[in-house]
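# Per-entry structural report
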Amino acid sequence: MVIDKRWTLFLDRDGVINKRVPGGYVTKPEDFVFLPGVKKALAEFSRVFGKIILVTNQQGIGKKIMTEQQLDAVHAFMLKEIMDAGGRIDRIYHSPFLESENNPYRKPGTGMALQALKDFPQIRFDKSVMAGDSATDIDFGRNSGMVTVLINPADTGSEIHADYTFEGLPPFARFFLDHYVTQ
């Protein structure tokens, strides 16, 4: 496996890029707290991966705890901070559906991956990596035929089997850049 611009990185948001709000949701930019080293890791990934796609379940919208506009404001803040640090996210897909709805657009369903493929036909799932902190993220990646990376496994509380496991996005970046990127 050699990672280059033909590869796509899919990322979950809460627990991977930012701190989770225990028992709640990030509803405003002030509540969005980047995890340590994430902005630098995203800058490093931006030099290697052809596309970086964020896929996030946001059932707080379905629960009427937050609005699409509030989510847009959070993502605008996040994107600006990432860009200011030299990184990028090419597209954000979110699922506002409740878990109980079993909507295919909600992870572990593959709807967001299929939408990304429709928007970016050059994406190949066999040349994609999905990094997330939950079983639904890993199942999403596996269901889409991607390499799977479990991030922050101490936060999951269960046994999840991914292709790789790291304590955060920065060690994942260091490992992949050291082992799978040709200079």
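Whatever comes next refers back to the structure up there.
Scope of this entry: the structure provided in the associated data block. In this numbering scheme, every chain counts its residues from 1 along its sequence in written order. The predicted nature of this model means local features are confined to residues of pLDDT at least 70 and side-chain atom pairs, given and counted, to a pLDDT of 80 or more, with totals for whole chains, interfaces and linings taken over all residues. Side-chain calculation: all heavy atoms of the structure are included, whereas hydrogens and water are not.

### Comments concerning the overall build of the protein chain
Helix and strand content of the protein chain: 6 helices and 6 strands. The helix count covers DSSP runs of H or I at least four residues long, the strand count covers runs of E at least two residues long, and both are numbered beginning at the N terminus. Counting from the amino terminus, the protein chain carries its helices and strands in the arrangement β-α-β-α-α-β-α-β-α-β-β-α. A principal-axis box enclosing the C-alpha atoms of the protein chain has dimensions of 45 × 35 × 35 Å. Exposure classes here rest on a 1.4 Å probe applied to the protein chains alone. A residue is buried below 20% of its type maximum, exposed above 50%, and partly exposed in between. Here the protein chain holds 183 residues, and the buried ones make up 51% of them. Here the contacts in the protein chain between residues at least 6 apart in sequence split such that 62% fall between residues at least 24 apart. For the accessible areas, the method is Shrake-Rupley and the probe is 1.4 Å, while residue cover comes only from the protein chains on display. Accessible area for the protein chain stands at about 8700 Å²; split by element, carbon and sulfur atoms hold 52% of it. Positive and negative side-chain charges in the protein chain, numbering 22 and 23 respectively, have mean positions lying 4 Å apart. The contact criterion used throughout is that any non-hydrogen atoms of two residues lie within 4.5 Å. When charges are counted, Lys and Arg contribute as positive and Asp and Glu as negative, whereas His and the chain ends are disregarded. Note on charges: their place is set at NZ of Lys, CZ of Arg, CG of Asp or CD of Glu.

### Points about the environment of Leu 9
Looking at the secondary structure, you find Leu 9 in strand S1 (residues 8-11). With a relative accessible area of 0%, Leu 9 lands in the buried category. In this structure, the C-alpha to C-alpha distance between Leu 9 and Met 130, residues 121 residues apart in sequence, is 6.2 Å. Those residues in contact with Leu 9, other than ones at most four positions away along the chain, are Phe 45, Phe 49, Lys 51, Ile 52, Ile 53, Val 129 and Phe 172.

### Here we look at the nonpolar core
With 36 residues, the main nonpolar core has Leu 11, Ile 17, Leu 169 and Phe 172 as its most contacted residues. What is meant by a nonpolar core is a set of buried Ala, Val, Leu, Ile, Met, Phe, Trp, Tyr and Cys residues, joined one to another through side-chain atoms within 4.5 Å. Counting residues in each nonpolar core, the second largest holds 13 residues, with Ala 113, Ile 123, Phe 125 and Met 146 among its members.

### Some remarks on unusual backbone geometry
Here the residue pair Lys 107 and Pro 108 is connected by a cis peptide bond, since its omega of 15° sits within 30 degrees of zero. Summarising the element assignment, Pro 108 is placed in the loop between strand S3 (91-95) and helix H4 (111-119). Phi is positive for Asn 102, close to 50°, though the residue is something other than glycine. Within the fold, Asn 102 resides in the loop between S3 and H4.

### Description of the pairing of strand S5 (residues 147-151)
A large share of S5 lies buried, amounting to 5 of its 5 residues. Residue alternation in S5 divides its side chains into two sets, Val 147, Val 149 and Ile 151 and Thr 148 and Leu 150, and both sets are buried. Pairing between strand S4 (residues 128-132) and S5: 4 bridges, direction parallel. If you follow Val 129 over to S5, its bridge partner there is Val 147. For the segment spanning S4, helix H5 (residues 135-143) and S5, crossover handedness is right-handed. For two strands to pair, DSSP has to find at least two bridges joining them. Throughout, right-handed denotes a crossover for which the path from the first strand over the helix to the second runs clockwise when the strands point away from the viewer.

### A short note on helix H3 (residues 68-84)
Helix length check: H3, at 17 residues, gives a terminal C-alpha distance of 24 Å against a target of 24 Å (1.5 Å per residue), a fit within 8%. Of all the positions in H3, only Leu 71, Val 74, His 75, Met 78 and Ile 82 are classed as buried. The arc that holds every buried residue of H3, seen down its axis, measures 95°, which confines them to one face. More than 90 degrees from the buried face of H3, the exposed residues found are Gln 69, Met 83 and Asp 84. Those residues of H3 that are buried are in contact with helix H1 (38-46), strand S2 (51-57), helix H2 (59-62) and S3. Where H3 ends, the next residue or the one after it, Gly 86, has phi of about 90°, a positive value. The span expected for a helix works out to 1.5 Å for each residue beyond the first. This arc describes the spread of directions from the helix axis toward the C-beta atoms.

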